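# Examining the three-dimensional arrangement
What follows is the residue order along each chain.
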Amino acid sequence: MGRLIIDDTTIYELDEECMKRKEQEKMLADRVKETETKDGTFAKDRVKERPAP
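Residues numbered from 1 in each chain as written. Predicted model: local features only at pLDDT ≥ 70, side-chain atom pairs only at ≥ 80, totals over all residues. Heavy atoms only, no water.

## Some points on the pairing of strand 2 (residues 10-14)
Defined as follows: Any two strands with at least two DSSP bridges between them are considered paired. A run of H or I in DSSP counts as a helix once it spans at least four residues, and a run of E counts as a strand once it spans at least two, with each numbered from the N terminus.
Two elements, strand 1 (residues 3-7) and strand 2, share 5 bridges in a ladder whose sense is antiparallel. Bridge pairing in strand 2 places I5 opposite Y12. In textbook terms, the turn of a hairpin is the stretch between consecutive antiparallel strands, and for strand 1 and strand 2 this stretch comprises 2 residues, one of which, D8, has a positive phi near 60°.

In structure tokens, the structure reads:
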């Protein structure tokens, strides 16, 4: 069920599931942008490797 917004004589219904899906897609896109470098390749993992004993 969506939320209703009443603006004077106009009523709008917001689809909450669609809004959640768009927010998740935006968060995923932001994460991808954080891991990409300027030339479009992915940055190396930031985990430090330990040398073998």
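## Description of the pattern of salt bridges
Keep this limit in mind: The salt bridge definition used is simple: a Lys or Arg side-chain nitrogen within 4 Å of an Asp or Glu carboxyl oxygen. Burial classification: accessible surface area is computed with a 1.4 Å probe over protein chains only, and a residue below 20% of its type maximum counts as buried, one above 50% as exposed, and the rest as partly exposed.
Following the criterion strictly, the structure yields 1 salt bridge and no others. Two residues, R3 and E16, come together in a salt bridge whose shortest N-O distance is 3.0 Å. Taken together, the residues span a long stretch of sequence, with R3 in strand 1 and E16 in helix 1 (residues 16-35) at a distance of 13 residues. On the basis of relative accessibility, which here comes to 29%, the residue E16 falls in the partly exposed class.

## Section: a nonpolar patch on the surface
As a reminder of what qualifies: Within the patch definition used here, like charges are joined within 9 Å and nonpolar side chains (Val, Leu, Ile, Met, Phe, Trp, Tyr) within 5 Å, considering only residues with over 30% relative accessible area and no salt bridge. Surface accessibility in these figures is a Shrake-Rupley result with a 1.4 Å probe; residues are shielded only by whichever protein chains are displayed.
Among the surface-exposed residues, L4, I6 and I11 lie close enough to one another that they form a single nonpolar patch of about 360 Å² accessible area. In this structure I11 comes out as exposed when scored by relative accessible area, which is 58%.

## A few points about the confidence of the model for the protein chain
Rules: The predictor attaches a confidence to each residue, and that confidence, scored 0 to 100, is pLDDT.
With 72% of its residues at a pLDDT of at least 70, the protein chain reaches an overall mean of 78. Per-element confidence in the protein chain is highest for strand 2, whose mean pLDDT is 89, and lowest for helix 1, whose mean pLDDT is 85.

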